[in-house]
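Per-entry structural report
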Amino acid sequence: MVTGSEEGSGIRRRGCSCSKDDFLPEESFKSWGNYGRALKATPFRLMDRVLTRSGDQAELQVKTRSQHEMKKTLTWWDLIWFGMGAVIGAGIFVLTGLQAREVAGPAVVLSFVVSGISALLSVFCYTEFAVEIPVAGGSFAYLRVELGDFMAFIAAGNILLEYVIGGAAVARSWTSYFATLCNYQPNDFRIHATSFSESYNRLDPVAVGIIAIICLIAVLSTKGSSRLNYIASIVHIVVILFIIIAGLINADIKNYTPFAPFEARGVFKASAVLFFAYVGFDAVSTMAEETKNPARDIPIGLVGSMVITTALYCILAVTLCLMQPYQDIDINAPFSVAFDAVGWGWAKYVVAAGALKGMTSVLLVGAVGQARYLTHIARTHMMPPWFAIVDERTGTPVNATVVMLVATAVIAFFTSLDILSALLSISTLFIFMLVSVALLVRRYYATGVTTLANRNKFIVCLALILKSSIATAIYWGASKDGWIGYCITVPIWILATVGLWAFVPKAREPKMWGVPLVPWLPSASIAINIFLLGSIDKDSFVRFAAWTGFLLVYYFFFGLHASYDTAKQYEGVMTEGGEWKKIEEGDASMSTNKATRVGGGVDSKQGST
């Protein structure tokens, strides 16, 4: 436990205070002179942050900077329902119609399979980290431990973007199904602002209203949110079963011809966008800090919920395309309109109600997860520490929850679903790819254990895995009918993975639960995620680049200096046993000189690579 954490972390016990020191308490921002000197030292500080990696214990100990602990109330049962509640929402009820009609046809079921495999591979990688580093930071904490502060910050910005955009997309979809339930068109509930551009001129006050309600629930109690999620998810599953049974009763096998009108390219292009349907499971990993038994509960909760979700998605996609010819599928409320088309008009209200329940669960779990990401990021001072405060009474990060949902509401008010879904998929695939890379680093590289020769072999193999995956994605995007490129890039990926498996010894083994088939599984996750990125349109990459540019500007002027000051301030702090540790730098070495023995369960990682 860190002593004097109130003053050292820059967080004050003053309720809802909003002074400068609540946001920029670090030494670099005490005066303009200090700030000028900090800016001059930017190259040195950047190099320090790029080369510095945190440690498992460091991530666990920064929890003390939130003033109060989050309450451990969740079990694997809670996590399974949170997982399904986080995932089954707008992706299946809205994007299925759009992708089936315009991109993949009935073969959209294969798109869900490809996206599901990619998501499941990422789930395995997340699970090992969440078990061994059970903190609220999720992938941000995992990347900070393995890839360093700078890469973690870039990922953190995209994590926050992922949640804001995902929540906004679901909130706008909520309006669409609410309109169907009320027998109106979605735009009847939106305000048409003619002075705005086409993708931003349908203002959605209903979406803002549902986000406000979700915000209130999320700040009151995590366990209360879990119970509400139970109810909503159970109703949702009942409705899904109704859709499957009633839909198959009205199925016509002729609607499945042609099966793949847009061929393989359409299948993979739809997969990249439909990855949106699986976004949300990473929110479950952020709840590790509130889980009673992370080693048991997290693997069951994450993997179990993903397997169930993928199966339901595939069956629902088959059902929809059997009910209607793909050309007639509605892109706003596909299942409701499909039942109306087969003469079951009353059923569309059941479907709309179930979809609303599902999307409410997605919004709720997303609100819980995104706040915990921001909380942990703020604990490192990459974001203002005011966001890290956990309310003593509710045990929830109130500040982070409110701010994230306000941002979500603003985006949801203006932006159309097609813009949101494509940009969301880029951020998500990018982060999942980085987590898979981080897992390989965790297994094959540890300072003080990995020899120079093995480190160089590892770097070569990892670089070849990444480059061959990128080359495959580029070739897929550039060549519509070619195949020769794959004969070069795919064997290189296979040989690089074989080389990693055969010639580079592992630096550590998992202590409690580990990803199977390493390095094959994380290497496949890297390849699939990058391949799906190659199927996303150019405009989405332009928006992604603009957001990343904004993140870099913020980091160089604020985040870098705040996190650097905090790291140096905590380089030597007193532990409860009276020993000194560099907790922010990740120096987990013990006074007994046993830190070099990885197999014995002691983390040998030092402060920098």
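About the criteria used
Residues numbered from 1 in each chain as written. Predicted model: local features only at pLDDT ≥ 70, side-chain atom pairs only at ≥ 80, totals over all residues. Heavy atoms only, no water. Helix = DSSP H or I, 4+ residues; strand = E, 2+ residues; numbered from the N terminus. Buried < 20%, exposed > 50% of the residue type's maximum accessible area, 1.4 Å probe, protein only. Contact = heavy atoms within 4.5 Å. Areas by Shrake-Rupley, 256 points an atom, 1.4 Å probe, with all protein chains shown as cover. Axes fitted to C-alpha atoms, helices over the stretch in contact; angles between N-to-C directions. Parallel < 35°, antiparallel > 145°, perpendicular 65-115°, else oblique. Left-handed = near helix turned anticlockwise from the far one by under 90°. Nonpolar A, V, L, I, M, F, W, Y, C, P; charged D, E, K, R; others polar. Core = buried A, V, L, I, M, F, W, Y, C linked by side-chain atoms within 4.5 Å. Expected span 1.5 Å × (residues − 1). Polar contact = N/O pair within 3.5 Å; in protein donor to acceptor, adjacent residues only side chain to side chain. Salt bridge = Lys/Arg side-chain N within 4 Å of Asp/Glu carboxyl O. Phe/Tyr/Trp six-rings, centres within 6.5 Å; stacked < 30°, edge-to-face > 60°. Lys NZ or Arg CZ within 6 Å of the ring centre and 35° of its normal. pLDDT = per-residue confidence, 0-100.

For the chain, the helix and strand inventory stands at 23 helices and 4 strands. Counting every position in the chain, which comprises 609 residues, the buried fraction comes to 60%. In the chain, once contacts between residues fewer than 6 apart in sequence are set aside, the share between residues at least 24 apart is 82%. In the form shown here, the chain has an accessible surface area of approximately 22900 Å², with 67% of it arising from carbon and sulfur atoms.

This part covers the packing of helix H9 (residues 139-146) against helix H10 (residues 149-181). Helix-helix packing is described using two parameters, namely the angle between the two axes and the distance between the axes. One can describe the packing of H9 onto H10 by two numbers: an axis separation of 7 Å at closest approach and a directional angle of 165 degrees. With respect to each other, H9 and H10 are oriented roughly antiparallel. For the crossing formed where H9 meets H10, the hand is right-handed. Residue-level contacts link Ser139, Phe140, Leu143 and Arg144 of H9 to Asp149, Ala152, Phe153, Ala155, Ala156 and Ile159 of H10. Taken together, the residues that form the contact of H9 with H10 break down as 7 nonpolar, 1 polar and 2 charged.

Counting residues in hydrophobic clusters, the biggest one holds 163 residues, and the most contacted among them are Phe112, Tyr177, Phe281, Phe335 and Phe458. No other element matches the 17 residues that helix H17 (residues 347-379) contributes to this core. If sequence neighbours within four positions are ignored, phenylalanine 112 has contacts with Ile92, Thr96, Leu274, Ala277, Tyr278, Tyr313, Cys314 and Ala317.

Across its 14 residues, helix H22 (residues 520-533) extends 20 Å between first and last C-alpha, which sits within 8% of the 20 Å expected from 1.5 Å per residue. Summarising burial for H22: 12 of the 14 residues are buried, a large majority. Turning to H22, its buried residues number three or more, namely Leu521, Pro522, Ser523, Ala524, Ser525, Ile526, Ala527, Asn529, Ile530, Phe531, Leu532 and Leu533.

Checked against the element boundaries, serine 436 lands in helix H19 (residues 417-444). Spatially, the C-alpha atom of serine 436 lies 7.2 Å from that of serine 523, the residues being 87 residues apart in sequence. Apart from the residues within four sequence positions on either side, serine 436 is in contact with Cys125, Pro522, Ser525, Ile526 and Asn529.

What follows concerns the environment of arginine 37. Looking at the secondary structure, you find arginine 37 in helix H3 (residues 32-40). Among the polar contacts made by the side chain of arginine 37, one reaches the side chain of asparagine 34 at a distance of 2.5 Å.

A word on the pattern of salt bridges. Tallied over the entire structure, the rule returns 11 salt bridges. Across the salt bridge formed by arginine 296 and aspartate 297, the nearest N and O atoms sit 2.8 Å from each other. When its relative accessible area of 42% is taken as the criterion, arginine 296 is described as partly exposed. Across the salt bridge formed by arginine 443 and glutamate 509, the nearest N and O atoms sit 4.0 Å from each other. One end of the pair, arginine 443, is in helix H19; the other, glutamate 509, is in the loop between helix H21 (484-503) and H22, with 66 residues separating them in the sequence. Of the residues examined, arginine 443 reaches a relative accessible area of 3% and is grouped as buried. Each of Asp48, Arg49, Arg144 and Asp149 takes part in salt bridges that share partners, so that together they form one network.

Scanning the entire structure with this criterion turns up 37 aromatic pairs. Look at phenylalanine 153 and tyrosine 554: their rings are 5.9 Å apart centre to centre, the planes differ by 15 degrees, and that puts the pair in the stacked class. One end of the pair, phenylalanine 153, is in helix H10; the other, tyrosine 554, is in helix H23 (residues 538-569), with 401 residues separating them in the sequence. We classify tyrosine 554 as partly exposed; its relative accessible area is 23%. Clustering of aromatic rings is evident, with ring pairs tying together Phe29, Trp32, Tyr35, Phe150, Phe153, Tyr554, Tyr555, Phe556 and Phe558. Note that arginine 265 overlies the ring of tryptophan 476, its terminal NZ or CZ placed 4.2 Å from the centroid.

The subject of this paragraph is the side chain of glutamate 128. Within the fold, glutamate 128 resides in helix H8 (residues 108-132). Within the structure, the side chain of glutamate 128 is placed 2.9 Å from the side chain of arginine 443, a separation counted as a polar contact. In terms of polar contacts, glutamate 128 uses its side chain to reach the backbone amide nitrogen of valine 515, at 2.8 Å. Not counting the four nearest positions on each side in its chain, glutamate 128 is found in contact with Leu439, Arg442, Arg443, Pro510, Trp513, Gly514 and Val515.

Of note, the bond from threonine 257 into proline 258 is cis; its omega dihedral lies within 30 degrees of zero at 0 degrees. Even without a glycine there, the phi angle at glutamate 263 is positive, about 60 degrees. By secondary structure assignment, the location of glutamate 263 is in helix H13 (residues 263-274). Of the residues examined, glutamate 263 reaches a relative accessible area of 57% and is grouped as exposed. Backbone geometry at leucine 517 places phi at a positive 55 degrees, although glycine is not the residue there. Tracing the chain through its elements places leucine 517 in the loop between H21 and H22.

Relative to the 36 Å expected for 25 residues at 1.5 Å per residue, H8 spans 36 Å between its end C-alpha atoms, a close match to the ideal helical length. Burial analysis of H8 places 21 of its 25 residues in the buried class, which makes it a mostly covered element.

Here the focus is the confidence of the model for the chain. Taken over all residues, the pLDDT of the chain has a mean of 79, while the share at 70 or more is 84%. Below a pLDDT of 50 lies the segment residues 1-16, which in the model reaches 37 contacts outside its immediate sequence neighbourhood of four places, other chains included. Low pLDDT, under 50, characterises residues 572-609; the stretch is placed with 94 contacts to residues that sit more than four places away or in other chains.

Viewed as axis vectors pointing N to C, H10 and helix H18 (residues 398-414) meet at an angle of 50 degrees, and their least axial separation amounts to 8 Å. Classed by the angle they form, the pair H10 and H18 counts as oblique. Handedness of the crossing formed by H10 with H18: right-handed. Taken together, the residues of H18 that come into contact with H10 (itself represented by Leu160, Tyr163, Val164, Gly167, Ala168, Ala171 and Arg172) are Met404, Ala407, Thr408, Ile411, Ala412, Phe413 and Phe414. Of the residues in the contact of H10 with H18, the class split is 11 nonpolar, 2 polar and 1 charged.

Looking at the element boundaries, glutamate 132 is found in helix H8. In terms of polar contacts, glutamate 132 uses its side chain to reach the backbone amide nitrogen of lysine 511, at 2.6 Å.

We now examine the environment of tryptophan 501. Among the secondary structure elements, tryptophan 501 is positioned in helix H21. Sequence separation of tryptophan 501 and cysteine 461 is 40 residues, and the distance between their C-alpha atoms is 9.6 Å. What tryptophan 501 contacts, discounting residues up to four positions off in sequence, is Tyr444, Val518, Pro519 and Trp520.

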